Amino acid sequence: MSSRSRRPTGDTPAPPAGLTRFNTADDGTARAALHEVCASRAWGERILARRPYATTDALFAASDAAMAELTADDLAEAMAGHPPIGRPKPGDPTSHREQSGMAGASDALKAEMLELNLAYQEKFGHVFLICASGRTGEQMRDAVRNRIDHTPQQEREIVRTELGKINRIRLTRIAENAEGDAA
């Protein structure tokens, strides 16, 4: 085999256009995009500090590592950016899209979710958080029913996992955004 055939071919795929835009955005623009993903400043600063990312998987790995490092206060800050299930933020297309499983729910199910959300929030001091994308209203109701009996420590780790899933979905949108700014 010749040395020519052993050389790198340069066929390493370029990062998606959105990821390239995120990597090269000024800190303020990138920080704002990250805040739309996760309201935790600590998480956002960790992601920002590790730019540039060669691949979306590298961005996911950084997100997972940053999520694992969040304190209870950081998690509380992240959760504060999420509306209760069944009550997406008015005018927020991301919130509406992620909670679309509740859009067609019956009035009875919506009322039950409101009651369960309030009971959960009273017990844990924060909104019930779940990666709602692709879940039906009934699946979300069943999840809150199951999780309301957890200890605060158990629930904090479940919330950490659910936030990680949500962050990956939102980061994918940044990485695949073929037009526009870093977000």
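Refer to the preceding data block for the structure.
Residues numbered from 1 in each chain as written. Predicted model: local features only at pLDDT ≥ 70, side-chain atom pairs only at ≥ 80, totals over all residues. Heavy atoms only, no water.

Asks: Give me the lowdown on the environment of A103, citing residues and values where you can.
Replies: With respect to the element layout, A103 can be found in the loop between α7 (93-98) and α8 (107-124). Note: C-alpha distance between A103 and G137 (34 residues apart in sequence) is 8.1 Å. (Helix = DSSP H or I, 4+ residues; strand = E, 2+ residues; numbered from the N terminus.)

Asks: Would you mind going over the pattern of salt bridges in detail, with residue names and values included?
Replies: In total, this model carries 13 salt bridges according to the counting rule given. Close ionic contact of R147 with E155 constitutes a salt bridge, the shortest N to O distance being 2.4 Å. Taken individually, R147 and E155 each receive the classification buried, so the pair is uniform in this respect. With a closest N to O distance of 3.0 Å, K165 and E162 form a salt bridge. Placement of both K165 and E162 in helix α10 (residues 152-176) is noted, with a separation of three residues, approximately one turn of the helix. With relative accessibility at 36%, the residue K165 sits in the partly exposed group. The exposure class of E162 is buried, given its relative accessible area of 7%. The network of salt bridges with shared partners includes E112, R141, D142 and R145. (Salt bridge = Lys/Arg side-chain N within 4 Å of Asp/Glu carboxyl O. Buried < 20%, exposed > 50% of the residue type's maximum accessible area, 1.4 Å probe, protein only.)

In short, geometric facts, not functional conclusions.
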